[in-house]
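Topology and contacts: notes
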Amino acid sequence: MNSAGSAFTNLSWVDLIFLGEAAIRTLQISIVSIFFGTVIGIILGWMLAAGNVFVRIAVSSILDVFRSVPLIIQLILFDSFVSIAGYPMPAFWSGTIVLSVYCAALVAMVARAGIEAVSPNLRRAARSLGMGYWQDLRYIVWPVGLRAVFPSWIGVALSVLKDSALVSAIGYLELMRASQILTTKTQESFKIMLLIGLFYFLMSYPISKAGEFVEKKWQS
Amino acid sequence: MIEVKQLHKKYGELHVLKGIDLSVKKGEVVCVIGASGSGKSTLLYCINGLETIQKGEVLIDGISVHDKNTDLNKLRQNVGMVFQQWNSFPHLTALENVALSPRVVKKMSKIEAQEIAKKQLIHVGLEDKLNVYPSALSGGQQQRLAIARALAMEPSYMLFDEVTSALDPELVGEVLDTLRLLAKDGMTMICVTHEMSFARDVADRVAYFHEGLMEEIGPPEQIFGDNPKSEKTKKFLANVK
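Residues numbered from 1 in each chain as written. Chains lettered and ligands numbered in written order. Predicted model: local features only at pLDDT ≥ 70, side-chain atom pairs only at ≥ 80, totals over all residues.

What to know about the overall build of chain B
Counted only if it meets this: Helix and strand labels come from DSSP, where a helix needs a run of H or I of at least four residues and a strand needs a run of E of at least two; each type is numbered from the N terminus. Only C-alpha atoms enter the radius of gyration; for comparison, a globular chain is expected to reach 2.2 Å times N to the power 0.38, where N is the number of residues. Put plainly, a residue is buried at 20 or more neighbouring C-beta atoms within 10 Å of its own, exposed at 12 or fewer, and partly exposed in between, counting only other residues' C-beta atoms, which are placed from the backbone.
What chain B contains, in helices and strands, is nine helices and 10 strands. Relative to the 2.2 N^0.38 estimate, which gives 18 Å for 241 residues, the radius of gyration of chain B is 18 Å and therefore close to what a compact globule would have. Projected onto its principal axes, the C-alpha coordinates of chain B cover approximately 55 × 45 × 30 Å. When the 241 residues of chain B are sorted by exposure, 46% land in the buried category.

So this is what it looks like as structure tokens:
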């Protein structure tokens, strides 16, 4: 590739710091979204597993919508909607809300699978010992189910981290957005893409390694 | 005392128990025998309220199990149950398996609960397996673990639902020995079982269930002797012998 013309600057250390700061913002929005998405998702998953027919149909049809509409469309629609409604919010928060809901929709399926992975006989045994419904959930279903679906949850967390790139579409200055700005400035799109690919990898890899470590610990 | 009065249980159209009357006194061991599907396991589930009933009544020390005002969690602390599948809690060690419910249900301190757990595990002969996870135990050991777990709640009554049916033949003996030990200690027990010689040895009374009805109940000598009162009992026993 030829070096850039005089109208553009070369990639510099300042640009690298700019990318680093954006990466931190990617982490921030991902962690906050994964946290809220997981909490809400577990509650929804429990409703799917334990609710009556009406609750199950209501929850699963709402989740179907969030899982089926592309995330980028959800982001733009929500961001525009709150602006039109007269309550514009910072891109961080509208992005966080949409990502959280998206994450919750994925976690709900994982949580339901986790609850259903615990055999009814095991739960009966717990109840026969005098445990109440919530004690059974807390001391039996939670730890046993968590072990069963923890790898799937790690998968969801990683995909939310990567999908947070789409929040760039509503103007939040995270890694993807930063790379677009730098590309415009320096015209070195190939290098920059390689670089942010590396950034995403550096953020994802520790998560999946940590996941493997926890799994190993549980297996012993 | 456990009193079962005119108990009816249906699963949809299937009429599983068709009016059972049975009372079990303190210290008594009653074995329930009969073909699969005769309703004997269902009876146990109805006694500790794991299943609802359609008609009749179950009283445990005078408390009606199926009265909606009855605190079932409290009542079940007094009625231990062991299942055909041992249902060990896979994420906990043997000691933790047994200590869990004293700790969370009876709100004992961790140390207190572990003391009781240790005592019960020694009682069933698992003193060298305290810190082992269930996946490293044999079926017989897991079943004894389940017995210790139920005993840790210090129940007055124990229900055993075909506790040796899922075991390999060579492991049946150790579990039956544990049950014999309990019977000798004076535990009030209802054992649903296919082990006829065990029933003959241990039971004060044996009940034969046939198609949802209690066909006959009496001392082992009557049931296993030459002349049980019911022809159906005689036929069943002739087939299993």
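Text resumes after the structure shown.
Brief notes about helix α6 (residues 133-163) of chain A
Residues separated by three or four positions in an α-helix point in the same direction, a consequence of the helix having 3.6 residues per turn. Formally: Multiplying 1.5 Å by the helix residue count minus one yields the expected span of that helix. Bending is quantified residue by residue as the angle between axes fitted to the seven-residue window ending at that residue and the seven-residue window starting at it. Throughout, a pair of residues is in contact if the C-beta atoms placed from their backbones lie within 7 Å.
In this model α6(A) runs just 37 Å from its N-terminal to its C-terminal C-alpha over 31 residues, more than 12% under the 45 Å that 1.5 Å per residue would give. At A:Val149, α6(A) shows its maximal bend, which comes to roughly 55°, and the proline A:Pro151 appears one to four places after that position. By the burial criterion, the buried members of α6(A) are A:Asp136, A:Tyr139, A:Ile140, A:Val141, A:Val144, A:Gly145, A:Val149, A:Trp153, A:Val156, A:Ala157, A:Val160 and A:Leu161. Looking at the buried positions of α6(A), the neighbouring elements they touch are α1 (13-50), α4 (91-116), α5 (120-128) and α8 (189-219) of chain A together with α3 (94-104) of chain B.

What to know about unusual backbone geometry
A negative phi angle is the norm for most residues apart from glycine, just as the trans form is the norm for most peptide bonds. A positive phi angle, near 65°, is found at A:Gln187, a position not held by glycine. Counting through the fold element by element, A:Gln187 comes out in the loop between α7 (175-186) and α8. We classify A:Gln187 as buried; it has 20 C-beta atoms within 10 Å. Even without a glycine there, the phi angle at B:Asn87 is positive, about 55°.

What to know about the sheet that holds strand β7 (residues 157-161) of chain B
Residue and element names in this part refer to chain B. So the rule is basically this: Pairing between two strands is assigned when DSSP locates at least 2 bridges connecting them. All axes here are fitted lines through C-alpha atoms, helices being fitted over the stretch that makes contact, and every angle between N-to-C directions spans 0 to 180 degrees.
With mixed pairing, six strands are arranged side by side in an open sheet as β6-β7-β8-β3-β9-β10. Of all the strands in the sheet, just β6 (79-82) and β10 (213-218) have a single pairing partner and so form its edges. For this sheet, the mean angle separating the axes of adjacent strands, direction not counted, is 15°. The strands that helix α6 (residues 169-184) touches are β3 (29-34), β7 and β8 (188-192); relative to β8, the one it contacts most, it runs at about 150°.

Concerning the nonpolar core
For clarity, the cut-off: We call a set of buried Ala, Val, Leu, Ile, Met, Phe, Trp, Tyr and Cys residues a nonpolar core when their C-beta atoms link them within 7 Å.
Counting 114 residues, the largest nonpolar core has A:Val107, B:Cys31, B:Val32 and B:Ile47 as the members making the most contacts within it. When residues of this core are assigned to their parent elements, the largest contribution, 14 residues, is made by α4(A). Here A:Val107 is in contact with A:Gly37, A:Thr38, A:Gly41, A:Ile42, A:Gly45, A:Trp153 and A:Val156, once residues within four sequence places are set aside. Within the second largest apolar cluster, seven residues are counted, among which are A:Leu19, A:Leu175, A:Ala178 and A:Ile196.

Quick look at the packing of α7(A) against α8(A)
All names here are of chain A. The condition that has to hold: Throughout this description, any angle smaller than 35 degrees is read as roughly parallel, any larger than 145 degrees as roughly antiparallel, any in the 65 to 115 degree range as roughly perpendicular, and the remainder as oblique. Each crossing gets its hand from how the near helix is turned against the far one by less than a right angle, where anticlockwise is left-handed and clockwise is right-handed.
Interhelical geometry of α7 versus α8 gives an angle of 165° and a closest axis separation of 10 Å. Judged by the inter-axis angle, α7 sits roughly antiparallel to α8. Helix-helix and strand crossings are classified by hand; for α7 and α8 the assignment is right-handed. Along the contact surface, α7 presents Leu 175, Ser 179, Leu 182 and Thr 183, while α8 presents Ser 189, Ile 192, Met 193, Ile 196, Phe 199 and Tyr 200.

A word on the pairing of β8(B)
Residue and element names in this part refer to chain B. For the record, the criterion: A clockwise path from the first strand over the helix to the second, with the strands pointing away from the viewer, defines a right-handed crossover.
Judged by how many residues are buried, β8 sits mostly within the fold: five of five residues are covered. Sheet analysis places β3 next to β8, joined by four bridges and oriented parallel. Pairing of Val 30 across the sheet is with Ile 190, part of β8. Strand direction decides the pairing type here: β7 and β8, joined by five bridges, are parallel. Within the sheet, the bridge partner assigned to Tyr 157 lies in β8 and is Thr 188. A crossover links β7 with its parallel partner β8, the connecting element being α6, and its sense is right-handed.

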